[in-house]
Protein chains: 2
Amino acid sequence: MKLSRVGEDRLLAALLPSLRIAKTVVAGAGDDCAVIKLRGNRDFLVLKTDCVVEQVHFPSSAKPTDIGWKAMMRPLSDFAATSAVPQFALITLIVRQETEARRIKRIYRGLNAAAAQFDVSIVGGETSRTPGPLMLSISVAGSVERNRFVSRRGGKVGDDLFVTGRLGGALRHKHLRFVPRIAESRWLTENFSVHAMIDLSDGLGTDLPRLARASKVGFKINIHKLPLTAGCNIDNALSDGEDYELLFAISARERDRLQTSWRKKFRQLPLTRIGELRSKFDIRNSKLPGGYVHFE
Amino acid sequence: MKLSRVGEDRLLAALLPSLRIAKTVVAGAGDDCAVIKLRGNRDFLVLKTDCVVEQVHFPSSAKPTDIGWKAMMRPLSDFAATSAVPQFALITLIVRQETEARRIKRIYRGLNAAAAQFDVSIVGGETSRTPGPLMLSISVAGSVERNRFVSRRGGKVGDDLFVTGRLGGALRHKHLRFVPRIAESRWLTENFSVHAMIDLSDGLGTDLPRLARASKVGFKINIHKLPLTAGCNIDNALSDGEDYELLFAISARERDRLQTSWRKKFRQLPLTRIGELRSKFDIRNSKLPGGYVHFE
């Protein structure tokens, strides 16, 4: 069977049980980041790798600095989902031999600017030739305090569901220039107990069911309350993807304090309560692209 | 100017000074692995990423298990050069959508087998589509004791130069099935003070000058003493590449003890003294492909 028919999620799920996992691995394949307990180290080690491929993640006409920026920011968005601090990055750049050195320098300028934004040190670079499209793979190492680590898996029945920012329409430019919600995520876990979190890379319609499945709960959202990007509709918000906003679950008891202090801290960035986690039974009431949503 | 004319080493050298380096970085871009001092951790954190590209690092006809094996073993060979212990791997697999799922499973079987050989846990997997050739990028995290970390940079004038195994001809199969010299490297630093080390991925004619330059010394080798693979000549040993053997510099005072105990420990694997490190002056007496060699 072709990969396109099997689907990446299903294929990885089939392959992953056979992969070797050490006891020190707190979160591994299937989570946003790999999270590891190192002997003698108070914090967890956090690892993530991600790639961008020409014609898949960016058009050939994209500005080289934007390509570098997006390549670096994608794994950093997974750090945001984990509430981890990125520290070190390794870059693998795969290009045609006839690529202009000037173009590569500009890609690096984008990589550097993105890394600088979050004090990430680029500690290694590798280039390889290819007869095919340009490709960048970035791997990032960092850390998270044991009591601030968040995964997709801790959501509880009754938790409020919040999203940051606005959803939909990212493919009209924003996806190449986004800033991962690391500052917001770190502020959240400094001040609140966040039960579960995920970054919205594939769209709410796909990523919310992922969070719910990982937490073994259902959910109920009011799709008419979704914070829409100007010019976008509900379907865009659910399915466009590449929003790189945060979706998180937090005790409903924290609702007032969260909303009040968020407004003070992040005046420019909306925080929207879109629904809540429910018992498992609710999960299949209605089908939306890529996941199951219960309409209010 | 095109990348093919600038050369990857020169291009990276031009880009790297502008990359951000934190004070905790012991070895970074330009070394085999990135080596990092983590606060509160006795050992250094070691990071490496490497990739294989179809038609560049393996022919399209290569067995899928061999592709996975080579992809995993390449970064592990850099761990050998650093005398570090690899522990965790992240896999990025980039394939055409019409790839057979069976082929991908076999690639993973090769990745798994290679990881298992060195007790490496695969803690994350990512797949992406591409309209181009198959590509695997593997990033590995591990550790090395502070007093056993070896880089290219510690070679001293008068040191003996040794290589493990036999050189040349790797492209006739061996490059897809090699076993990185991690056991040998760990044994070396357990029992000896190794001043500088590198794995021979691009051929002795390129990698020896790299070690010498990084150590700021010259060298002198007897090319008639190189340990040749059966059917290979001196030129193959210098230029074929992909040997994945170790080249290391060690005090001449250790010569007898090293040779005697090596023969007892690794009966099957030759260890050959090929020359010595010299003062800088000697370095340009004669030119060999990819580097400078002084004939004895």
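Residues numbered from 1 in each chain as written. Chains lettered and ligands numbered in written order. Predicted model: local features only at pLDDT ≥ 70, side-chain atom pairs only at ≥ 80, totals over all residues.

**Section: the confidence of the model for chain A**
Residue and element names in this part refer to chain A.
Moving on, step 1. Per-chain confidence: chain A averages 88 in pLDDT, with 86% of residues scoring 70 or above.
Moving on, step 2. Below a pLDDT of 50 lies the segment residues 283-287, which in the model reaches 11 contacts outside its immediate sequence neighbourhood of four places, other chains included.
Moving on, step 3. Long-range and interchain partners of residues 289-296, a stretch whose pLDDT sits below 50, account for 31 contacts in this model, where long-range means more than four residues apart. (pLDDT = per-residue confidence, 0-100. Contact = placed C-beta atoms within 7 Å.)

**Here we look at the pairing of strand β8 (residues 194-199) of chain A**
Residue and element names in this part refer to chain A.
Moving on, step 1. Burial analysis of β8 places 6 of its 6 residues in the buried class, which makes it a mostly covered element.
Moving on, step 2. Where β8 lies against strand β10 (residues 246-250), 5 bridges are found, and the strand directions are antiparallel. From the neighbouring strand, V194 faces β10, where its bridge partner is I250. (Buried ≥ 20, exposed ≤ 12 C-beta atoms within 10 Å, placed from the backbone. Helix = DSSP H or I, 4+ residues; strand = E, 2+ residues; numbered from the N terminus. Pairing = 2+ DSSP bridges.)

**Details of the sheet that holds β8(A)**
Residue and element names in this part refer to chain A.
Moving on, step 1. Strand order in this open sheet of 5 strands is β8-β10-β7-β11-β9, and the pairing throughout is antiparallel. Among the strands making up the open sheet, the edge pair consists of β8 and β9 (218-221). Pairwise comparison of adjacent strand axes, ignoring direction, gives a mean angle of 30 degrees for this sheet.
Moving on, step 2. Taken together, the 5 bridges between strand β7 (residues 160-164) and strand β11 (residues 271-278) define a ladder with antiparallel strand orientation. When the bridges of β11 are listed, D160 appears paired with E276.
Moving on, step 3. Where helix α3 (residues 64-82) meets the sheet, it contacts β8 and β10, and its direction lies at approximately 165 degrees from that of β8.
Moving on, step 4. The strands touched by helix α6 (residues 204-215) within the sheet are β8, β9, β10 and β11, with β8 carrying the most contacts at an inclination of about 145 degrees. (Axes fitted to C-alpha atoms, helices over the stretch in contact; angles between N-to-C directions.)

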